[in-house]
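For reference, the chains in residue letters:
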Amino acid sequence: MKKNSFILLLFLAIQLSAQENAFIIHGTTHPDIYPIVKVFLRYENFQGQRVSDTVHVEKGKFVLRGKLAQASRVMIGFMPDTSSALVKVKRSSTFPITIDNETMELDFVIANQLTLRGSATHDDELRWITTLKHQSATISKAERIDSFIRANPTSGYSLVLLSDLIKFTDQLQQIESLLYLLPASARQSSLGQKIADEIAKRKTIDIGNKAPNFELADNKGNLHTLTSMRGKYVLLEFWASWCTPCRQENKFIREAWKNLQQEPIVLVSISIDGEQGKKDWLDLLAKEQLPWLQLLDPGGHQGKVAQAFQISGIPKNFLIDPEGNIIALNIRGENLSDKIKPFLK
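Residues numbered from 1 in each chain as written. Predicted model: local features only at pLDDT ≥ 70, side-chain atom pairs only at ≥ 80, totals over all residues. Heavy atoms only, no water.

Concerning the overall build of the protein
- If you tally the helices and strands in the protein, you get eleven helices and 15 strands.
- Against the compact-globule benchmark of 20 Å for 345 residues, the protein has a radius of gyration of 26 Å, which places it well outside the compact range.
- Counting only C-alpha atoms, the protein reaches 80 × 60 × 40 Å along its principal axes.
- Looking at the protein as a whole, 44% of its 345 residues are labelled buried.
- Sequence separation of at least 24 residues holds for 63% of the intrachain contacts in the protein that already meet a minimum separation of 6.
- Charged side chains of the protein number 42 positive and 37 negative; the gap between the two group centres comes to 2 Å. (Helix = DSSP H or I, 4+ residues; strand = E, 2+ residues; numbered from the N terminus. Rg over C-alpha atoms; globule rule 2.2 N^0.38 Å. Buried < 20%, exposed > 50% of the residue type's maximum accessible area, 1.4 Å probe, protein only. Contact = heavy atoms within 4.5 Å. Lys, Arg positive; Asp, Glu negative; His and termini not counted. Charge placed at Lys NZ, Arg CZ, Asp CG, Glu CD.)

Okay, here's the thing in structure tokens:
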């Protein structure tokens, strides 16, 4: 009897724990204003699996349930009744929104008229959006995120913002310091672990490390390796023909190429157009006549070289010394040669 009671208590404890690690969204729509037939939610669950859940709307009501590993940004969408005369826009309305494992109430009227109550993290998200509207445009997004996290380290939204920050900055020390401002529960969550793993991975390609060797073909089919360039500095630029900021950066690289002719440096561009975009790459090179060394990673963004250099966004460059060590990251913009010369000993 005692054994059965113990098993029952254990089962109840497990059930309670599961409920605590779950969210419920009780939703309301307004059929008299904008009739909705289905609502979908896309998110990553507590097991790290991508979930796409769709529910029907009955008399303007719906319920969404699931489990998150931590406060997370999800995508919610509203599919209109296209047979209704009230519906002028036939496509679904979708919204990125941050939620917790809580019981929440959501009210959707039309277009951007969406209200969510019951999520502290979403409340912080709204506060972040309001802050952005009132801050000077001269303050960079990275600075704004840094400021918010330092002011709100216990907010679940700070972890979400940090996961955004790591996607577009190479300032690993900044990211790591912000991560350790967060509570242990955030650092030990699946998203916190992903950020920590990404930091560790990027440190292998940070300043002071050896640059990975590669062997790639140029636009004439000749093979080149990084080790064959030892004895000279190398500015290694990753780009693609479809990347507008990269095309702008090429103008600055062209000027630097002219100004650094007498310096012990080789300028090298590696395109991540891949084999599928090879023709576009070759056509652009023929059109713009870029005079420095042009190479192609046939695997594109997922190619061996792009992966070895941890390329998550372009343009991105590395300055490598004559011994093959990375000595600077993302030197770019106007007067590029003046920015490079101080590194040339």
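Focus on the packing of aromatic side chains
- Evaluation of the coordinates by the stated rule reveals ten aromatic pairs.
- Aromatic pair Phe 78 and Phe 95: ring centres 6.0 Å apart, planes at 70°, arrangement edge-to-face. A residue pair is termed long-range when its members are at least 10 positions apart, and Phe 78 in strand S5 (residues 72-80) and Phe 95 in strand S6 (residues 93-99) qualify at 17 residues. The pair Phe 78 / Phe 95 is uniform in exposure class, with both members buried.
- Taken together, a centroid distance of 5.5 Å and an interplanar angle of 80° make the contact between Trp 128 and Phe 148 edge-to-face. Of the two residues, Trp 128 is situated in helix H2 (residues 120-134) and Phe 148 in helix H3 (residues 141-151); the sequence distance between them amounts to 20 residues. Accessibility classification places Trp 128 together with Phe 148 in one group, the buried group. (Phe/Tyr/Trp six-rings, centres within 6.5 Å; stacked < 30°, edge-to-face > 60°.)

Here we look at the environment of Lys 339
- Locating Lys 339 in the fold gives a position in helix H11 (residues 336-340).
- Between the C-alpha atoms of Lys 339 and Ala 256, which are 83 residues apart in sequence, the distance is 9.6 Å.
- Leave out the neighbours within four places in its chain, and Lys 339 touches Ile 331, Arg 332, Gly 333 and Glu 334.

As for the state of the cysteines
- Applying the stated rule across the entire model yields one disulfide.
- For Cys 243, the disulfide goes to Cys 246, at an S-S distance of 2.3 Å. One quick way to see it: the torsion about the S-S bond of Cys 243 and Cys 246 is about 75°, and its sign makes the bridge right-handed. Like Cys 246, Cys 243 is buried. (Disulfide = S-S within 2.5 Å.)

Observations concerning H3
- Considered for burial, the residues of H3 that qualify are Ala 142, Arg 144, Ile 145, Asp 146, Phe 148 and Ile 149.
- Of the surrounding secondary structure, the elements contacted by the buried residues of H3 are H2, helix H4 (156-168) and helix H5 (172-179).

Here's the deal with the side chain of Asn 101
- With respect to the secondary-structure elements, Asn 101 resides in the loop between S6 and strand S7 (103-108).
- A polar side-chain atom of Asn 101 sits 2.8 Å from the main-chain carbonyl oxygen of Leu 68. (Polar contact = N/O pair within 3.5 Å; in protein donor to acceptor, adjacent residues only side chain to side chain.)

Describing the sheet that holds strand S14 (residues 316-320)
- Taken together, seven strands build an open sheet; the order of strands is S10-S9-S13-S12-S11-S14-S15 and the sheet is mixed. What marks the edges here is a single partner per strand, and that holds for strand S10 (223-225) and strand S15 (326-329). Neighbour-to-neighbour, the strand axes of the sheet open up by a mean angle of 35°, direction not taken into account.
- Across three bridges, the pairing between S14 and S15 is antiparallel. Across the sheet, Phe 318 pairs through a bridge with Leu 329, a residue of S15.
- The sheet contacts of helix H8 (residues 244-259) involve strand S11 (233-239) and strand S12 (265-271), and relative to S11 the element is tilted by about 160°.
- Against the sheet, helix H9 (residues 278-288) engages strand S9 (215-218), S11, S12 and strand S13 (293-296), with an angle of about 170° to S13. (Pairing = 2+ DSSP bridges. Axes fitted to C-alpha atoms, helices over the stretch in contact; angles between N-to-C directions.)

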